[in-house]
Amino acid sequence: MSLLAKLLSPWLRMGTYARLFVPIFVLIAVVVGVRYTLLIQSESASANVRYQQAAQELADYLDVTLQPALDTADRAALDVTLGGALLLNADLRRLQLDGPAGHQQVQRLAYTGGTAPPWFEALLPLQPLRQQHRLGATLVTLEFTPVLPRWQVWTTVRQQAALSALNIGIIYLLLGILIHVNQRMLARLADATGRFQRGEHQVRLPVRGTLEARALARTFNDMAQQVETLLVTRQQQQLALGAQLARTLDAQQQLRSEKERIAVTLASIGDAVITTDLAGRIDTLIPRAEQLTGCRAEQAQGRALEQVFVLAAPAAQAALPVALAAMLDGAPVLKLANQSLRQPGGQTLAIDYTAAPIRTPHGAVQGAVLVFRDVSEKRQLIQQISWQSSHDVLTGLPNRSALAARFEQELARARAGDYLLAVCLLALDHFQQVNQTLGHAAGNEILKQAASRLHEFAGQRHYAARLGGDEFVLLLPALGQRAAIEQALQGLLAALAHDYRCDGTPVRMSASAGVALYTGNEVSADHLLRHADQALYQAKITGRNRYHFFDADLDEQVRTHHNRRTEVRAALLAGELRLHYQPKLDMRRGCVIGMEALLRWQHPQRGLVPPLEFLPIVEHSELIVDIGAWVIRTALQQLQRWRDDHPHWVVSVNIAARHVQRPDFVARLRLLLAEFPQVPPARLELEILESSALGDIAQVRDIMLDCQQLGIRFALDDFGTGYSSLAYLKRLPANVLKIDQSFVRSMLAERDDLHLVCAVISLARSFGRTVIAEGVETVAHGALLMQLGCDLVQGYGVARPMPAELLPDWLAQFDSAPWQAAAALPAIHSPGQLDTALS
């Protein structure tokens, strides 16, 4: 215990402000530690994702670029490709090939960029990566060392640390200056007081320095002057009275000592001081007390303490004279913190105050002294730190920890009041694309505007919080019926769908919401939030910009859907997807003009799975984008193989709406084309569904025009099924219209379908577009189509989709004579001829 006292005694001898250095330092250290722990975790996770993705992209790229050289056993080309791989990925440490051609490898000898310190790298969960896969009989091994991701995390943390160090240094510099000034003022006061006590009654403090120092100097000088005058007067009276006053000399000496003690005590205190008599009436007010109470000393003298020292809380104000009287009667000294002092103008100050009795040398109580100080700045700092611990700094909304506490309160109230509680989880639609295209600053601005709208909507009745990223939570208590909740959500989504402003530019953004209801069942806040998250996922996959209520039965379907989507992703990574090709025939010339690439899944247990059994599962997720990129790359590879035997074939691939409407679609398409420079872009045709093109026609039109500038052709698939085909055809610059197979198959039997096919062909001719018919199952279908003016067809009547390796045998056996013979039939130009042909 004595050792602890020795260690603490220097700190206890410090002033109040100096002692605050230690707790403030501890508090700052804790906050900084937590902040940088979370920062390192967040940056490491982001860097790891980029690291893994870059490694996978390099592996995919090598699969494409190494295959031709491996087929020809061209070691020089392999060396060039292997060496180029080191330039494409800064984290690639070694790349080696082992196969029939022998062993080849390249290795990075030194890393020329910046590196993080070893101690920092030890904190990061980024580990070296080793990938192996086969290209035919060749084993490809890639080894990656995450030097660049570690450096990126280190750079971010180092920049943030420099800013934090600067902020902390400024804070401590200001605190140090404040303490230094107070110490100088107290030192001068102590020196003058000591000299005055030693008999130098003429000593005075220089009136200079801060306002507090000058006020203290004037107070000391006034009191010293009064005491000196009193002493001179007493001395003169003593000389005059002589022996008559000898008997009262000892009572006067005691009075002088008492007054000097009081004067020194009051003058040595830097805080505000008020003294009272036994009745609670004010005797003295030092200048600092005048400043804080707003009352001058001459106005306050003789008045009751509670008339000058006015507390803002009525209960505290009423208790003050009672507590003061009890203290003078022997009760403990008053020590109260976190009080509010009201000034005459109505302003309030946060204060701490202490009241103690003033006693004579014999112990008799002769009054009270009240010492108080302004702690508004300290309280504000504490409140700010407390606020930041429970609020999101960017948006000002309550954070996850604050939400957890409020969530439990609302659940308890809902249970006690037996009312409905709705938990709404919201997310901004396509927010990551905003970050990628406009930058994180614009993304942060949109988050703040969305939070402002959410806070305004919540008001005093509801509760809004930010979970993180672009996800927010809204608690809707006691709305009564589900219809009231739906009405509130419609208004909220409408408010969040208004354009956002970033540097004066409007940005279109919408939001999706998932809702879980507490209806009295025993369920925790975590379960409700999880249910709302599942409902949010359902809202996103059904089109976004909408809300969805959690359904327990649907929950099982969602989990099954998620598992199946995971299975499809695994199939893509495992190379189980295949492309089959269906020939397109020019009947009049009797020649094949190209192929449509159709996706299949070669399942290890289920065999060949058609696309309708797995594509709907992923069409509303980012996986459809990866699949679309794989289809385009594979089709380009096949075109490269056909470039000698079939140089004029065009291969069409189907592109999902989610894929083609991505902001980076054209840029990524350029990269894919660059991988196959021998393939002319005009030999690739992209097919999009008419219904997806009508979703955002302006955006789709711009993307189509950009792609056509590259030489890419576009076809509108299933044309005639959209609700606005005629109105929008002139705005969509498609090269080809594909007549939906449902109309073609039944046109020989259904008069309405035949007229519709005829109308589409006429429409295509009027707009100068090429037209091709799907679903042609017989030569009779083809003959009628040629009479109507459509020469291009595809369907089971021509050939079923097949793997590329079976196409040579089919071409060798294909007989075009029946199709060319049908071309001799007369063309149809009138409704009467059309009816005759049908009959």
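Summarised in this report is the structure supplied together with it. From a predicted model like this one, the values you see are computed outputs, not experimental measurements.

**Digging into the overall build of the protein chain**
Of the regular secondary structure elements, the protein chain holds 32 helices and 25 strands. Oriented by its inertia axes, the alpha-carbon framework of the protein chain measures out at about 155 × 65 × 50 Å. Out of the 839 residues belonging to the protein chain, those deemed buried represent 42%. Of the contacts formed within the protein chain by residues at least 6 apart in sequence, a portion of 63% connects residues at least 24 apart. Summed over its atoms, the accessible surface of the protein chain is roughly 43500 Å², and 55% of this surface lies on carbon and sulfur atoms. Positive and negative side-chain charges in the protein chain, numbering 79 and 79 respectively, have mean positions lying 10 Å apart.

**Considerations on the packing of aromatic side chains**
Considering all chains together, one arrives at 10 aromatic pairs under this definition. The interplanar angle of 80° and the centroid separation of 5.3 Å between the aromatic rings of phenylalanine 309 and tyrosine 353 together place this pair among those described as edge-to-face. Of this pair, phenylalanine 309 sits in the loop between α11 (305–308) and α12 (314–328) while tyrosine 353 sits in strand β8 (residues 348–359), and the two are 44 residues apart along the sequence. As far as the burial class goes, phenylalanine 309 and tyrosine 353 line up, both buried. A network of ring pairs unites the aromatic residues Trp119, Phe120 and Trp154 as a single cluster. Arginine 35 extends its terminal NZ or CZ atom over the ring of tyrosine 36, reaching a point 5.1 Å from the ring centre. Here the guanidinium or amino end of arginine 800 rests over the ring plane of tyrosine 796, the centre of that ring lying 3.9 Å away.

**Re the nonpolar core**
Membership of the largest hydrophobic core comes to 86 residues, with the highest contact counts inside it found for Val653, Leu686 and Leu785. Not counting chain neighbours up to four residues away, the residues in contact with leucine 785 comprise Met587, Val744, Met747, Val757, Ile761, Ala773, Val776, Cys790 and Val793. Counting 34 residues, the second largest nonpolar core, distinct from the first, contains Leu426, Ala451, Ala458 and Leu496.

**A short note on the sheet that holds strand β4 (residues 138–144)**
The antiparallel open sheet is built from four strands, whose spatial order is β2-β1-β4-β3. Every interior strand has two partners, whereas the edge strands, β2 (102–107) and β3 (129–135), have only one. This sheet shows a mean twist of 10° between the axes of neighbouring strands, independent of strand direction. Sheet topology note: the strand β1 (residues 92–99)/β2 ladder contains six bridges and is antiparallel. The partner of arginine 94 across the bridge, within β2, is glutamine 107. Contacting β1, β3 and β4, helix α3 (residues 21–72) crosses the sheet at an angle of about 30° to β3. Running over the sheet, helix α4 (residues 75–88) touches β1 and β2 and is turned about 30° from β2.

**Topic: the sheet that holds β8**
Spatial strand order, β6-β5-β9-β8-β7: five strands in an open sheet with antiparallel pairing. In this open sheet, the two edge strands, each paired with only one partner strand, are β6 (282–285) and β7 (334–342). Pairs of neighbouring strands in the sheet enclose a mean axial angle of 25°, with direction left out of account. Where strand β5 (residues 272–276) lies against strand β9 (residues 365–374), five bridges are found, and the strand directions are antiparallel. The residue of β9 that forms the bridge with isoleucine 274 is leucine 370. Across the sheet, α12 is in contact with β7, β8 and β9; its angle to β8 comes to roughly 20°.

**A word on the packing of helix α15 (residues 431–438) against helix α16 (residues 440–458)**
α16 packs onto α15 with a crossing angle of 140° between their chain directions and a minimal axis gap of 7 Å. Viewed along their axes, α15 and α16 adopt a mutual orientation that is oblique. Two secondary-structure elements touch here, α15 through Phe431, Val434, Asn435 and Leu438 and α16 through His440, Ala442, Gly443, Ile446 and Leu447. The residue makeup of the contact of α15 with α16, split by class, is six nonpolar, three polar and no charged.

**Some details on the pairing of strand β22 (residues 713–719)**
Summarising burial for β22: five of the seven residues are buried, a large majority. In terms of strand pairing, strand β21 (residues 684–689) meets β22 through five bridges, oriented parallel. For glutamate 687, the partnering residue across the bridge sits in β22 and is alanine 715. For β22 and strand β23 (residues 736–739), the ladder comprises three bridges, and the chain directions are parallel. Counterpart to leucine 716 in the pairing with β23 is leucine 737.

**Notes on the packing of α3 against α4**
Between α3 and α4, the shortest axis-to-axis distance is 9 Å and the interhelical angle comes to 165°. When the axes of α3 and α4 are compared, the pair comes out roughly antiparallel. At the point where α3 passes α4, the crossing takes the right-handed sense. Contacts between α3 and α4 involve Leu58, Tyr61, Leu62, Thr65, Leu66, Ala69 and Leu70 from the first element and Ala77, Leu78, Thr81, Leu82, Ala85 and Leu88 from the second. Split into classes, the residues belonging to the contact of α3 with α4 amount to 11 nonpolar, two polar and no charged.

**Quick notes on the pairing of strand β20 (residues 650–654)**
Burial runs high along β20: four of the five residues are buried. Summarising the sheet, strand β18 (residues 591–603) and β20 pair through four bridges and their orientation is parallel. In the strand pairing of β20, glycine 594 is matched with valine 650. Summarising the sheet, β20 and β21 pair through four bridges and their orientation is parallel. Residue pairing in the sheet places asparagine 654 in a bridge with glutamate 687 of β21.

**With respect to helix α14 (residues 400–417)**
When the terminal C-alpha atoms of α14 are compared, their 25 Å separation across 18 residues agrees well with the 26 Å that a helix rising 1.5 Å per residue should span. By the burial criterion, the buried members of α14 are Ala402, Leu403, Phe407, Glu410, Leu411 and Ala414. Projected down its long axis, α14 carries its buried residues within an arc of 165°, all on one side.

**Re the pattern of salt bridges**
Under the definition given, this model contains 30 salt bridges. A salt bridge links lysine 738 to glutamate 596; its shortest N-O distance comes to 3.1 Å. In this pair, lysine 738 is assigned in strand β23 and glutamate 596 in strand β18, connecting sequence segments 142 residues apart. Residue glutamate 596 is classed as buried on the basis of its relative accessible area, which comes to 4%. In this structure, the salt-bridge partner of glutamate 622 is arginine 662, at a minimum N-O distance of 2.5 Å. With glutamate 622 in the loop between α20 (615–618) and α21 (623–642) and arginine 662 in the loop between α22 (657–660) and α23 (665–674), this pair connects stretches of sequence that are 40 residues apart. Counted as one network, the salt bridges with shared partners bring together Lys584, Glu596, Glu685, Glu687, Arg713, Lys738 and Glu774.

**Here's the deal with the side chain of arginine 662**
Exposure remark for arginine 662: the relative accessible area of 11% places this residue in the buried category. Here glutamate 622 takes part through its side chain, which lies 2.5 Å from a polar atom of the side chain of arginine 662. If near-sequence neighbours (up to four positions away) are discounted, arginine 662 is found in contact with Gln433, Glu622, Val625, Arg668 and Ile703.

**A closer look at the environment of threonine 276**
As for its position among the elements, threonine 276 is in strand β5. On the basis of relative accessible area, threonine 276 is assigned to the buried category, the value being 3%. A C-alpha to C-alpha distance of 14 Å links threonine 276 and glutamine 299, two positions 23 residues apart in sequence.

**Focus: a nonpolar patch on the surface**
A grouping of Val22, Phe25, Val26, Val30, Val34 and Leu38 is seen on the molecular surface, where their side chains present a nonpolar patch of about 550 Å² in accessible area. Structurally, the position occupied by valine 22 is in helix α3.

**A short note on α23**
Among all positions of α23, only Phe665, Val666, Leu669, Leu672 and Leu673 are buried. Buried residues of α23 fall within an arc of 115° about the axis and therefore sit on the same side. When the buried face of α23 is taken as reference, the exposed residues oriented beyond 90 degrees from it are Leu671 and Ala674. On the buried face of α23, the contacting elements are α21, α22, β21 and α25 (697–709).

Rules of the game
- Residues numbered from 1 in each chain as written.
- Predicted model: local features only at pLDDT ≥ 70, side-chain atom pairs only at ≥ 80, totals over all residues.
- Heavy atoms only, no water.
- Helix = DSSP H or I, 4+ residues; strand = E, 2+ residues; numbered from the N terminus.
- Buried < 20%, exposed > 50% of the residue type's maximum accessible area, 1.4 Å probe, protein only.
- Contact = heavy atoms within 4.5 Å.
- Areas by Shrake-Rupley, 256 points an atom, 1.4 Å probe, with all protein chains shown as cover.
- Lys, Arg positive; Asp, Glu negative; His and termini not counted.
- Charge placed at Lys NZ, Arg CZ, Asp CG, Glu CD.
- Phe/Tyr/Trp six-rings, centres within 6.5 Å; stacked < 30°, edge-to-face > 60°.
- Lys NZ or Arg CZ within 6 Å of the ring centre and 35° of its normal.
- Core = buried A, V, L, I, M, F, W, Y, C linked by side-chain atoms within 4.5 Å.
- Pairing = 2+ DSSP bridges.
- Axes fitted to C-alpha atoms, helices over the stretch in contact; angles between N-to-C directions.
- Parallel < 35°, antiparallel > 145°, perpendicular 65-115°, else oblique.
- Nonpolar A, V, L, I, M, F, W, Y, C, P; charged D, E, K, R; others polar.
- Left-handed = near helix turned anticlockwise from the far one by under 90°.
- Expected span 1.5 Å × (residues − 1).
- Arc of directions from axis to C-beta.
- Salt bridge = Lys/Arg side-chain N within 4 Å of Asp/Glu carboxyl O.
- Polar contact = N/O pair within 3.5 Å; in protein donor to acceptor, adjacent residues only side chain to side chain.
- Patch = residues over 30% accessible without salt bridge, like charges linked within 9 Å, V, L, I, M, F, W, Y side chains within 5 Å.

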